[in-house]
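Spelled out from the first residue to the last, the chains are:
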Amino acid sequence: MDARINPFTQLNLAEGDAHIIRNAGGMAKDALRSLVISQRLLGTREIAVYHHTGCGMVTFKGPELKNLVKSTKPDDATCAAQVDAIDFLEFSDLEESVKEDVKFLKESPLILEGTRITGWVHDIETGKVGTSSWLVRSVVKPASPRLLRNSLVI
């Protein structure tokens, strides 16, 4: 969702090489509906979870955001009920969030067996993209476009 990131440029992809699903925090749970459609109807067999440093999702707690929304409409019970029903999926540890998203997707019965799922962190300041240290202990080059064709980046 972050406007500072252009996944096509970062990963050297051409239009049509990959499906890009963007949401606040790049959260897999929030993208599951689109992932199912992409896999079952469009043939996607590779998923790259792609988070970034400087993510706004680490700057708040869900209850604080809910109270902020409700304070703008203090007499609106419908607004309060709707915002209370939202899980904002905030997190405090960037690498852990990537790890949890990869685990969630690998364990989901909605994701096709045999799907290649990887986790990546984009450093906003340096522009480097690397796998999380729990996968590989060094920064690596982004996957080649051939590897990512017909894949999905969230």
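The structure displayed is predicted, hence computed values, not measured ones.

**Observations concerning the nonpolar core**
Residues Leu35, Ile47, Phe91, Leu105, Ile111 and Ile117 are the most contacted members of the largest nonpolar core, which totals 20 residues. Contributions of two or more residues to this core are made by helix H2 (28–42), strand E2 (46–52), helix H5 (94–107) and strand E3 (116–122). Counting residues in each nonpolar core, the second largest holds eight residues, with Ile5, Leu11, Ala48 and Val129 among its members.

**Here's the deal with the layout of surface pockets**
By volume, the second largest pocket amounts to about 180 Å³. If you trace the second largest pocket, you find it lined by Met27, Lys29, Leu89, Glu90, Phe91, Glu100, Asp101 and Phe104. Among the elements that take part in the lining of the second largest pocket, H5 stands out by supplying three residues, more than any other. Tallied by class, the residues present in the lining of the second largest pocket amount to four nonpolar, no polar and four charged.

**Here's the deal with the side chain of Thr118**
Structurally, Thr118 is set in strand E3. Residue Thr118 is classed as buried on the basis of its relative accessible area, which comes to 12%. Those residues in contact with Thr118 that sit more than four places away from it in its chain are Ile47, Ala48, Val49 and Val102.

**Remarks on the UniProt feature "binding site: Zn(2+)" (unreviewed entry) in the protein chain**
As recorded in UniProt, the feature "binding site: Zn(2+)" (unreviewed entry) lies at Asp2, His52 and Cys55. A maximum C-alpha distance of 8.8 Å places the annotated residues, which cover 54 residues in sequence, within one compact spot. When you line up the elements, Asp2 lands in the segment before helix H1 (7–10). With a relative accessible area of 18%, Asp2 lands in the buried category. Among all residues touching Asp2, those that are not within four sequence positions of it are Arg22 and His52. Within the element layout of this structure, Cys55 appears in the loop between E2 and helix H3 (62–72). Those residues within four positions of Cys55 in sequence are excluded, and the remaining contacts are Gly25 and Phe91.

**Thoughts on a negative patch on the surface**
On the surface, Asp93, Glu95, Glu96 and Glu100 cluster together to form a negatively charged patch. On the accessibility criterion, Glu100 (47% relative accessible area) is partly exposed.

Conventions adopted
- Residues numbered from 1 in each chain as written.
- Predicted model: local features only at pLDDT ≥ 70, side-chain atom pairs only at ≥ 80, totals over all residues.
- Heavy atoms only, no water.
- Core = buried A, V, L, I, M, F, W, Y, C linked by side-chain atoms within 4.5 Å.
- Buried < 20%, exposed > 50% of the residue type's maximum accessible area, 1.4 Å probe, protein only.
- Helix = DSSP H or I, 4+ residues; strand = E, 2+ residues; numbered from the N terminus.
- 1 Å grid on protein atoms, 1.4 Å probe; cavity = no way out; pocket = protein on both sides within 12 Å on 5 of 7 lines; lining within 4 Å.
- Points joined across faces, edges and corners; volume = space filled by probe spheres on them.
- Nonpolar A, V, L, I, M, F, W, Y, C, P; charged D, E, K, R; others polar.
- Contact = heavy atoms within 4.5 Å.
- UniProt positions renumbered as here; feature names shortened; annotations may be inferred.
- Patch = residues over 30% accessible without salt bridge, like charges linked within 9 Å, V, L, I, M, F, W, Y side chains within 5 Å.
- Areas by Shrake-Rupley, 256 points an atom, 1.4 Å probe, with all protein chains shown as cover.
- Salt bridge = Lys/Arg side-chain N within 4 Å of Asp/Glu carboxyl O.
- Lys, Arg positive; Asp, Glu negative; His and termini not counted.
- Charge placed at Lys NZ, Arg CZ, Asp CG, Glu CD.

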